[in-house]
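# Descriptive analysis of the structure
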Amino acid sequence: MTISIGFGDERIITNMMGTLVGGIETTSASIVQLLDQLFKRPKILKEAIEVANSNDDHLMYRYCWEALRFNPINPFVVRHCRTDYRIAKGSLRAATIKAGSTVLVSTRSAMRDGFQLPAPSGFAIDRPESVYMHLGYGMHTCLGDQISRIQVPEIVRRILQIPGVRPAADIDFAGGPFPERYLLTYDAPASSGLPT
């Protein structure tokens, strides 16, 4: 049986390389940025640590994706409009994007839109999956979609299981878009003789 995916060899190689290169930066960025959001919310952090220690995969995923909503790794995407396109057709905010226009689509804004979700500034783990735009949709879905849904919460779980884990400094972006350094500290076991 032959399955056609519509990709030539060049596109397949580009996607393979993109996954290898992009997967590291986006995974580490999402982990750092969502941990930062959890550490800023002591009550939520306490709940997330309990979940990490309970080994509830689904709930850990919910805490991670909700935390990342406050500082997503893709706050916007850039697209080029090939044909005239009417957005929000039939509403008061309808507008036409002209062919050739560059469009900046703010996923950060969309994930905090008070017209579309209740209490957008609150932390809620029961939001519909459609709220989270971290991994894109349709033909623009992240190549690492299925891996990220498992990998990110599992790494976060392991970090939150470390007794007394907390940031030692703010995220250092080193002038770029991705976190370059995020120091954490933790409580060493009393019998280890190690400094805390």
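## Looking at the nonpolar core
Counting 31 residues, the largest nonpolar core has Leu34, Leu35, Leu38, Met60, Val156 and Leu160 as its most contacted members. Within the residue set of this core, elements represented by two or more residues are α1 (9–39), α2 (42–54), α3 (57–69) and α5 (145–160). Sorting elements by how many residues they give to this core places α3 first, with seven residues. Contacts of Leu35, omitting those with residues within four sequence positions, involve Val156, Ile159, Leu160 and Tyr182.

## Describing the packing of aromatic side chains
One pass over the structure, following the stated rule, counts three aromatic pairs. With 5.9 Å between their ring centres and 35° between their planes, Tyr63 and Phe123 make a pair best called tilted. Of this pair, Tyr63 sits in helix α3 while Phe123 is found in the loop between α4 (107–110) and α5, placing the two residues 60 residues apart along the sequence. Assessed through its relative accessible area of 5%, Tyr63 is described here as buried. In this structure Phe123 comes out as buried when scored by relative accessible area, which is 18%.

## Section: the side chain of Arg157
As for its position among the elements, Arg157 is in helix α5. Since its relative accessible area comes to 3%, Arg157 is described here as buried. For Arg157, the side chain forms a polar contact with the side chain of Asp57, separated by 2.3 Å. When neighbours within four sequence positions are excluded, Arg157 is seen to be in contact with Val51, Ala52, Asn55, Asp56, Asp57 and Met60.

## Here's the deal with the side chain of Asn74
Turning to its location among the elements, Asn74 is positioned in the loop between α3 and β1 (77–80). On the basis of relative accessible area, Asn74 is assigned to the buried category, the value being 17%. Among the polar contacts made by the side chain of Asn74, one reaches the main-chain carbonyl oxygen of Met133 at a distance of 3.5 Å.

## Observations concerning α1
Over its 31 residues, α1 extends 44 Å from the first C-alpha to the last, a length consistent with the 45 Å expected when each residue adds 1.5 Å. If you look at α1, its biggest bend is around 35°, right at Gly22.

## Digging into a nonpolar patch on the surface
Nonpolar side chains collect at one region of the surface, where Ile13, Met17, Leu20 and Val21 lie side by side and expose about 410 Å² of accessible area between them. Its relative accessible area of 51% is what places Ile13 among the exposed residues.

How each quantity is defined
Residues numbered from 1 in each chain as written. Predicted model: local features only at pLDDT ≥ 70, side-chain atom pairs only at ≥ 80, totals over all residues. Heavy atoms only, no water. Core = buried A, V, L, I, M, F, W, Y, C linked by side-chain atoms within 4.5 Å. Buried < 20%, exposed > 50% of the residue type's maximum accessible area, 1.4 Å probe, protein only. Helix = DSSP H or I, 4+ residues; strand = E, 2+ residues; numbered from the N terminus. Contact = heavy atoms within 4.5 Å. Phe/Tyr/Trp six-rings, centres within 6.5 Å; stacked < 30°, edge-to-face > 60°. Polar contact = N/O pair within 3.5 Å; in protein donor to acceptor, adjacent residues only side chain to side chain. Expected span 1.5 Å × (residues − 1). Bend = angle between axes of the 7 residues up to and from the residue. Patch = residues over 30% accessible without salt bridge, like charges linked within 9 Å, V, L, I, M, F, W, Y side chains within 5 Å. Areas by Shrake-Rupley, 256 points an atom, 1.4 Å probe, with all protein chains shown as cover. Salt bridge = Lys/Arg side-chain N within 4 Å of Asp/Glu carboxyl O.

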